[in-house]
Amino acid sequence: MTLDTVKHATETPDAEQPWAELGLKKDEYERIREILDRRPTGAELAMYSVMWSEHCSYKSSKVHLKQFGEKAPESDALLVGIGENAGVVDVGQGYAVTFKVESHNHPSYIEPYQGAATGVGGIVRDILAMGARPVAVVDPLRFGAADHPDTKRVLPGVVAGIGGYGNCLGLPNIGGEVVFDPCYQGNPLVNAGCIGVMKHEDIHLAKASGPGNKVILYGARTGGDGIGGVSVLASETFESTGPAKRPAVQVGDPFQEKLLIECTLEIFKENLVAGIQDLGGAGLSCATSELASAGSGGMRVELDTVPLRDATLSPEEILMSESQERMCAIVEPQHVDRFMAICEKWDVIATVIGEVTEGERLEIFWHGEQIVDVPPRTVAHEGPVYHRPYARPEWQDALQADDAAKLPRPKSADELRAQVLKVVGSPNQASKAWITDQYDRFVQGNTVLAQPEDAGMVRIDEESNLGVAMATDGNGRYAKLDPYTGAQLALAEAYRNVAASGARPLAISDCLNFGSPEDPGVMWQFAEATRGLADGCQELGTPVTGGNVSLYNQTGETAIHPTPVVAVLGVIDDVTRRTPIAFAEAGQLLYLLGDTKEEFGGSAWSDVVHGHLGGLPPAVDLDREKLLAEILISASRDGMIDAAHDLSDGGLVQAVVESCLRGGAGARLVVPDGLSAFTFLFSESAGRAVVAVPRSEELRFTDMCGARGLPATRIGVVDGEEVEVQGEFRIPLAELRTAHEEAIPGLLA
Amino acid sequence: MARVVVDVMLKPEILDPQGQAVQRALPRLGFEGIADVRQGKRFELEVEGPVDEAALARIHEMAETFLANTVIEDFVVKVESDPAKAES
């Protein structure tokens, strides 16, 4: 086959090109021809197709994501905002923290183990590329029905992949979620988050400036991994993809990644790089065009110098390969020798593949012949932007009218008792220990809190005990009922979880998982959810620092529930002041903070007991969330509470049962005046938490709540070995433990 | 009893960290001249009854659904010893 050089492309303007097979639309292909004023070469077509895919270009979501910048609240904490590999926030004492959540949904469905493992690897490199040492990971996961046979194929593979990769890297897995719903049957959501820590002066950005600077590719050799993975895997649905067209799956090597981490951190320490970027989706196409585009524009790359695992790869394939564990650095010539020496020490292959040039073109050569000559901005940052039509789905009104308040409620105390056991033992509400126990939560010795606590927390300074906390939340059922409110509820819950642990929420990252943007109903859900999230962040004062959008999560015409997953990062000055969820000591007084209303739309109770989804999700009051958070943080700092647990899906009874089982102590509850036992136990009103207050602090605590205007209702006391709701029922802890802890192993082990 | 062997190898384009680790170790141990190493799995199946077409089809199905992960691996089915045929 002849090499399709720039010269050849100019001479053969009418040659047929497989733009459609590469996922480009006709007008997009025309636009490339217009930009280049000729037909693209094969290599250029490969680069444009992969970089203009939904996954890389955010072409459908961009117009909505803009709000995160426009509505960003003033925040002194934000050091680096949206647009870089990951955002960076100031956490005090000279420390900065970078964090981000990304999706690896489609690859994890095809090959669960490697898909999930490389998802962890990818997000860790994003964090590393900012100059930070990765210190913890979290994994929000969603699968089909817990009893569906395919869940038994996908879930164990995903969990083993996350555990395998993270454990080999020596990174604690401190949180996340596991949710089951039939809507995720053909589209499991495997989101992965990472937290990294650095000093302020260590922040590194992805840009290539300074003509003469060398472009160095280092890490693993390039093979045929995931070629076209980005444009095919992440952008179109599976149905059209028969086994024959399956792109090669990327396989990760965590030990190589560990070397890459240590090697990169040593390079940072000696200040040897002018710019740096990890290689993820779209591989070298992405790294070279983004680095050049963020700098002055000029870069020349000799593609045949790239070290290969498979010598038969074509230049197009090398540009599109998604081989894992690779990074690209821009290094001033005088630092190249030292850079190479450090790579050699860590046994990491490093190769100068090009240099930054004076011009404004990205030029790529193959054995001396030019195969790419493009303005890099047109590849990386000025891709197509779609204002996709969106419309509120016709079924939305009927769904919201199908009020969960109409569902039959338990008629007797015995029935209520049975429903409590049923809910706390349902797959979504049951203990996820069987899954999270497969992850190493305590490696490195800095983990302060991990699952099943409300938030994960790690210490980042051994002297001062400074720490950071993170919680991830998302509720697709709420978002289906009302995407605007659902997104705010996800934000509010993660915010509340961080505050319940005693940390102050600072900023957020999000992973927005939706169906096809070509469906106006899905696009409406997306528009509403992003608007809700941007408004919510503005009100709470927590800027969005970055994140990821995953579209086309659907099988045929059926999309997943809109699932915005929000990760909130918080800081705590002294981790010894953290608040756990455990009710451990008899005599502690239980207080319910916030207002409980008749809110059952999208609730766990309506799902588990009635298989129902309808009505409106709980109302959101962000001022109340802020107040609740302030109270929880103050109470933690001043030692006024021994335990706190946020209330969310499953309601009060779920929180109480979790806290009792965690601490091994029972609770006696009294239904407050004005509430039915049923509403008291199962309502999912937002802006609430349950706290355990030592008797000695009761007055101080209630005075504080009273002074600040937060409703605090005494609902009982920690005591005995059962959960008792006075006048209703008693359930021994042992019975609750069996229901709560044996459900997941029973289904999946 | 007949023995049927199923050899499972990672597809050529798939990264093989184990093979690479072996390859890196070889020169350290004084074994030079090996350009690449790829590591696979071998299953030896002792088959009850005759190894006819139906039995092989069954083993093929077994390999495809369980022994190999065909998303990332290829497999080959070989009849190693078949006493029924040896006698005839």
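Values in this document were obtained by computation on a predicted structure and should not be read as measured data. (Residues numbered from 1 in each chain as written. Chains lettered and ligands numbered in written order. Predicted model: local features only at pLDDT ≥ 70, side-chain atom pairs only at ≥ 80, totals over all residues.)

Chemist: Report on the overall build of chain A, specifying residues and quantitative values.
Modeler: Scanning chain A from terminus to terminus reveals 26 helices and 28 strands. Relative to the 2.2 N^0.38 estimate, which gives 27 Å for 749 residues, the radius of gyration of chain A is 26 Å and therefore close to what a compact globule would have. Seen through its C-alpha atoms, chain A measures out along the principal axes to roughly 85 × 55 × 45 Å. By residue count, 61% of the 749 residues in chain A fall in the buried class. Taking contacts inside chain A between residues at least 6 apart in sequence as the whole, the part at least 24 apart equals 85%. (Helix = DSSP H or I, 4+ residues; strand = E, 2+ residues; numbered from the N terminus. Rg over C-alpha atoms; globule rule 2.2 N^0.38 Å. Buried ≥ 20, exposed ≤ 12 C-beta atoms within 10 Å, placed from the backbone. Contact = placed C-beta atoms within 7 Å.)

Chemist: I'd like a rundown of the overall build of chain B, residues and numbers included.
Modeler: Within chain B one finds three helices and three strands. The helix and strand sequence of chain B, counted from the amino end, reads β-α-β-α-β-α. Computed over C-alpha atoms, the radius of gyration of chain B comes to 17 Å, more than 25% over the 12 Å expected from 2.2 N^0.38 for 88 residues, which places it beyond the range of a compact globule. Overall size of chain B, expressed as C-alpha extent along the three principal axes, is 50 × 30 × 15 Å. Residue burial in chain B is summarised as follows: out of 88 residues, 15% are buried.

Chemist: Provide a residue-level description of helix α26 (residues 733-748) of chain A, including the pertinent values.
Modeler: All names here are of chain A. Compared with an ideal rise of 1.5 Å per residue, which puts 16 residues at 22 Å, α26 spans 24 Å between its outermost C-alpha atoms and is within 8% of the ideal. Along α26, the positions that sit buried rather than exposed are L736, A739, H740, A743 and I744. Taken together, the buried residues of α26 touch α16 (413-424), α17 (433-436), α23 (651-663), β27 (722-725) and β28 (729-732). (Expected span 1.5 Å × (residues − 1).)

Chemist: Pulling in residues and values, what's your account of the interface of chain B and chain A?
Modeler: Chain B puts eight residues into the contact, and the matching count from chain A is 14 residues. Class assignment of the residues belonging to the side of chain B that touches chain A gives a composition of six nonpolar, no polar and two charged. (Nonpolar A, V, L, I, M, F, W, Y, C, P; charged D, E, K, R; others polar.)

Chemist: Outline the pairing of strand β12 (residues 362-366) of chain A, listing residues and values.
Modeler: All names here are of chain A. Burial analysis of β12 places five of its five residues in the buried class, which makes it a mostly covered element. What you see with β12 is no split at all: L362, I364 and W366 on one side and E363 and F365 on the other are buried throughout. The sheet contact formed by strand β9 (residues 299-302) and β12 spans four bridges and is parallel. In the strand pairing of β12, R300 is matched with E363. The pairing of β12 with strand β13 (residues 369-374) spans five bridges and is antiparallel. Residue pairing in the sheet places W366 in a bridge with E369 of β13. Between the antiparallel neighbours β12 and β13 lie two residues, among them H367 with a positive phi of about 50°. (Pairing = 2+ DSSP bridges.)

Chemist: Which residues make up the nonpolar core, and what are the values?
Modeler: Residue and element names in this part refer to chain A. With 242 residues, the main nonpolar core has M470 and V691 as its most contacted residues. For this core, the element with the highest residue contribution is helix α19 (residues 483-500), accounting for eleven residues. Apart from residues no more than four positions distant in its own chain, M470 is found in contact with F99, V138, G175, I195, A455, G456, A567, V568 and L569. (Core = buried A, V, L, I, M, F, W, Y, C linked by C-beta atoms within 7 Å.)

Chemist: Before we move on, can you summarise the confidence of the model for chain B with the specific residues and values?
Modeler: Any segment with low pLDDT has predicted coordinates that should not be analysed in fine detail. Per-residue pLDDT for chain B averages 89, and the proportion of residues at 70 or more is 92%. As a predicted assembly, this complex carries a pTM of 0.92 together with an ipTM value of 0.71. (pLDDT = per-residue confidence, 0-100.)

Chemist: Tell me about the packing of α19 of chain A against helix α22 (residues 622-637) of chain A, and please be specific about residues and values.
Modeler: Residues and elements named next belong to chain A. Where α19 contacts α22, the two axes come as close as 8 Å, and the packing angle between them is 15°. By the angle class used here, α19 and α22 are roughly parallel. The element α19 and its partner α22 pack so that their crossing is left-handed. Touching A492, Y495, R496, A499 and A500 of α19 are L622, E625, L628, A629, L632 and I633, all from α22. Broken down by class, the residue content of the contact of α19 with α22 amounts to nine nonpolar, no polar and two charged. (Axes fitted to C-alpha atoms, helices over the stretch in contact; angles between N-to-C directions. Parallel < 35°, antiparallel > 145°, perpendicular 65-115°, else oblique. Left-handed = near helix turned anticlockwise from the far one by under 90°.)

Chemist: Go over the packing of helix α10 (residues 254-269) of chain A against helix α13 (residues 336-345) of chain A with me, naming the residues and quoting the values.
Modeler: All names here are of chain A. Taken N-terminus to C-terminus, the directions of α10 and α13 make an angle of 150°; their axes are 9 Å apart at the nearest point. Taken together, α10 and α13 sit at an angle that is classed as roughly antiparallel. For α10 against α13, the interelement crossing comes out right-handed. The segment α10 lies against α13, with C263, E266 and I267 engaging F339, I342 and C343.

Chemist: Explain the pairing of strand β10 (residues 326-331) of chain A to me, using residue names and the numbers behind them.
Modeler: All names here are of chain A. Of all six residues in β10, six are buried; the element is thus mostly enclosed. Across six bridges, strand β7 (residues 214-219) lies against β10 in antiparallel orientation. Following the sheet pairing, L217 is matched in β10 by C328. Sheet topology note: the strand β8 (residues 275-278)/β10 ladder contains four bridges and is antiparallel. Bridging across to β10, D278 finds its partner in M327.

Chemist: Outline the sheet that holds strand β24 (residues 667-669) of chain A, listing residues and values.
Modeler: Residues and elements named next belong to chain A. A sheet is described by the order of its strands in space; here seven strands give the open sequence β23-β25-β22-β26-β24-β27-β28, paired in mixed fashion. The two strands at the open ends of the sheet, each matched to only one other strand, are β23 (643-646) and β28. Pairwise comparison of adjacent strand axes, ignoring direction, gives a mean angle of 20° for this sheet. Across four bridges, β27 lies against β28 in antiparallel orientation. Bridging across to β28, V723 finds its partner in I731. Together, β23 and β25 (689-693) form the strand contacts of α19, whose direction differs from that of β23 by roughly 175°.

Chemist: Explain the environment of A20 of chain A to me, and be specific about the residues and the numbers.
Modeler: All names here are of chain A. Summarising the element assignment, A20 is placed in the loop between α1 (6-11) and α2 (26-36). For A20, a count of 11 C-beta atoms within 10 Å corresponds to the exposed category. Put simply, A20 and S49 are 29 residues apart on the chain and 9.3 Å apart in space, counted from C-alpha to C-alpha.

Chemist: Give a detailed account of the sheet that holds strand β1 (residues 2-10) of chain B, specifying residues and quantitative values.
Modeler: All names here are of chain B. With respect to topology, three strands assemble into an open sheet ordered β2-β1-β3, the strand pairing being antiparallel. With partners counted over all chains shown, the strands left at the sheet margins are β2 (41-47) and β3 (73-81), one partner each. The sheet shows a mean angle of 20° between the axes of neighbouring strands, direction not considered. Of the pairings in the sheet, the one linking β1 to β3 comprises eight bridges and is antiparallel in character. Bridged to R3 within β3 is S81. Seen against the sheet, helix α2 (residues 53-67) touches β1, β2 and β3 and runs at an angle of roughly 145° to β3.

Chemist: Explain the confidence of the model for chain A to me, using residue names and the numbers behind them.
Modeler: This prediction gives chain A a mean pLDDT of 92; 97% of its residues lie at or above 70. Predicted confidence is poor over residues 229-246 of chain A, with pLDDT under 50, and the contacts of this stretch with residues over four places away or in other chains come to 38 contacts.

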